[in-house]
Amino acid sequence: MDSTHQTIRSIYNLALTEQQGYKWLKELCSMGPRLSGSDQATASLLHFKKKIDSLGFESTLQSVTVPKWVRGAQETAWIVREGKKVEDLAITALGGSVATPNNGLIAGLVEISSFEQLDSLNLEGKIAFYNIPMDPTYISTGFAYGNAVKQRWAGAIEASKRGAVGVVIRSLSSSINKYPHTGSMSYEEGTKKIPAAALSTFHAELLSKELRKNPALKLKMNMACRWYDSVESYNLIADLKGSERPEELILVSGHFDSWDLGTGAHDDGAGSMHALESLYLYQKLSLPHKRTLRLVFYMNEEFGLSGAKAYAKMSQAKKLKHVIAIESDGGGFTPKGFSIQSSKEMVERVKTYRDYFEPYGIYQFASGGSGADISQLGSDNKLLIGLRPDNHRYFEVHHSALDNIKAVNARELTMGSAALTALIYLLDRDDVCFNCD
Ligand SMILES: [Zn+2]
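Residues numbered from 1 in each chain as written. Predicted model: local features only at pLDDT ≥ 70, side-chain atom pairs only at ≥ 80, totals over all residues. Heavy atoms only, no water.

Chemist: It is not clear to me how the environment of Gln40 should be interpreted in this structure. Could you clarify?
Modeler: Here Gln40 shows up in helix 3 (residues 39-54). Residues in contact with Gln40, not counting those within four places in the same chain, are Met31, Gly32 and Pro33. Only 3.0 Å separates the side chain of Gln40 from the backbone oxygen of Pro33, close enough to count as a polar contact. (Helix = DSSP H or I, 4+ residues; strand = E, 2+ residues; numbered from the N terminus. Contact = heavy atoms within 4.5 Å. Polar contact = N/O pair within 3.5 Å; in protein donor to acceptor, adjacent residues only side chain to side chain.)

Written as structure tokens, this is what we have:
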């Protein structure tokens, strides 16, 4: 075993022995959800700032203005047949939706199975029911999600333009169960804002079946969500100073905010703890690093990336030199590889590390997108890398009440932190970055 293999082994040994990131994640989740704009999100961040300071990192807060949307009372929905309530449906307001009227909304339904169909349907006075499943034949559930997510972010706009009074979508979930999945939606200037919600996949299938039997049935839905004025929150930044080129930054990051139905254990508590644990392992093992290792917890990825945008703006104003930026926002499942957003040559250089990772089950080194937050830094002359965990189970829990600590396995999470740490070690040692030499 050469010394590099030995160093990487020592990273994994310490990570797996202590599982420190998992302990932090457990603590983070015990504080509740971290919906952007909520007091709880900021309180949890400040709690972690204290912890990070006590570890001896230099941490600072960057003020970020974030939107504030509050769900209000638990949403309800049921099927109405011939004037009578016949079946409760599990429903959740989409993030950013307006409420229904106080006494709820009741209307007939039109089922939509593709966006191409829209122009041939009469949605006037109806609730548009988008029932577009994630395609199960994709090996990457991320691609399946990407192909089905339009119903969530554009569904209300397209339906409202055609006279609909409300929207329900099929939850973006890769499994059939009774948990609805939320996520951000959007409106557009000049188009009436109509309430939009997601039904659990189980209930979307049930509603579809019932509609086929009885096209005249109606849906009653009640939602009390509302918008408030934007509030101040923060990004958290912590540095471990480099020995030779401290002005050059290797950024490692996750987004701190989560949805409110679960506690954001996978999305993106896991990524945040991956990033923190990487710095921790570096420090505890006294690993050499020429550049400054910078941890960023971004606030508000879910509601429009305000933290990442504010950070990128500050970086530009201060002419900060990010030579490498890494993000973990694909959950805390077993890491399988890295997605590399850079020049062809850089991608090829990172691929030469395959041998070092093989003993740890990491084989994927693909050219592709890195992460929504770090992409705000711009991809020109940069090396942007996203951690790619196994994603077969990710969209079962994503943005739902199931995204809680029980869904995270301590060893799987730890393997992600160790992989990021090993990757940073190799990149810094070999000066794999633009303008490094
Ligand atoms: Zn996320």
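Chemist: What should I look at first to understand the nonpolar core in this one?
Modeler: Buried together is how nonpolar side chains tend to be arranged in soluble globular proteins. Tyr12, Phe297, Phe338 and Phe357 are the most contacted members of the largest nonpolar core, which totals 72 residues. Aside from chain neighbours lying at most four places away, what touches Phe357 is Tyr12, Phe338, Ile362, Phe365, Ala419, Ala422, Leu423 and Leu426. Listed in part, the 26 residues of the second largest apolar core include Ile91, Ala204, Met223 and Phe303. (Core = buried A, V, L, I, M, F, W, Y, C linked by side-chain atoms within 4.5 Å. Buried < 20%, exposed > 50% of the residue type's maximum accessible area, 1.4 Å probe, protein only.)

Chemist: In this structure, what is going on with the pattern of salt bridges? I would like to understand it.
Modeler: Pairing is possible between side chains that carry opposite charge, provided their charged atoms lie close to one another. Scanning all chains against the criterion turns up 25 salt bridges. The shortest N-O distance in the salt bridge between Asp428 and Arg291 comes to 2.7 Å. Of the two residues, Asp428 sits in helix 13 (residues 410-429) while Arg291 sits in strand 12 (residues 291-298), which places them 137 residues apart along the sequence. A single salt-bridge network, built from bridges that share partners, covers Arg245, Glu248, Lys290, Arg291, Lys321, Asp428 and Asp431. (Salt bridge = Lys/Arg side-chain N within 4 Å of Asp/Glu carboxyl O.)

Chemist: In this structure, what is going on with helix 4 (residues 141-148)? I would like to understand it.
Modeler: Along an α-helix, residues three or four apart share an orientation, since each turn contains 3.6 residues. Those residues of helix 4 not exposed but buried are Thr141, Ala144, Tyr145 and Ala148. Projected down its long axis, helix 4 carries its buried residues within an arc of 100 degrees, all on one side. In helix 4, the exposed positions that point more than 90 degrees away from the buried face belong to Phe143 and Asn147. Residues of helix 4 that are buried sit in contact with helix 5 (150-153) and helix 12 (394-397). (Arc of directions from axis to C-beta.)

Chemist: I keep staring at the pairing of strand 6 (residues 127-130) and nothing clicks. Help me out?
Modeler: Side-chain alternation along strand 6 places Ile127 and Phe129 on one buried face and Ala128 and Tyr130 on a second face that is also buried. Bridge count for strand 6 against strand 7 (residues 166-170) is 4 bridges, and the pairing is parallel. Paired with Ile127 across the two strands is Gly166, which belongs to strand 7. (Pairing = 2+ DSSP bridges.)

Chemist: Looking at this structure, how should I read the packing of helix 2 (residues 20-30) against helix 8 (residues 265-284)?
Modeler: Between two packed helices, both the angle of their axes relative to each other and the distance between the axes serve to describe the pair. Contact geometry for helix 2 and helix 8: axes closest at 9 Å, N-to-C directions at 135 degrees. Judged on the interaxial angle alone, helix 8 and helix 2 are oblique. Between helix 2 and helix 8 lies a crossing of right-handed hand. In this structure, helix 2 contributes Gln20, Gly21, Trp24, Leu25, Leu28 and Cys29 to the contact, and helix 8 contributes Ala265, Gly269, Ala270, Met273, Leu276, Glu277 and Tyr280. (Axes fitted to C-alpha atoms, helices over the stretch in contact; angles between N-to-C directions. Parallel < 35°, antiparallel > 145°, perpendicular 65-115°, else oblique. Left-handed = near helix turned anticlockwise from the far one by under 90°.)

Chemist: Whenever I open this one, the sheet that holds strand 12 confuses me. Can you help?
Modeler: In a beta sheet, neighbouring strands pair by backbone hydrogen bonds and run either parallel or antiparallel. One open sheet accounts for 8 strands, arranged 1-10-12-11-13-16-14-15; its pairing is mixed. Strand pairing shows two members of the sheet lacking a second neighbour, strand 1 (58-70) and strand 15 (364-367), which therefore form its edges. Averaged over all adjacent pairs, the angle separating strand axes in this sheet is 20 degrees, with direction ignored. Across 5 bridges, strand 10 (residues 226-240) lies against strand 12 in antiparallel orientation. Looking at strand 12, one finds that Leu236 is bridged to Phe297. Running at roughly 140 degrees to strand 1, helix 9 (residues 306-317) makes contact with strand 1, strand 10, strand 11 (245-255), strand 12 and strand 13 (321-327) of the sheet.

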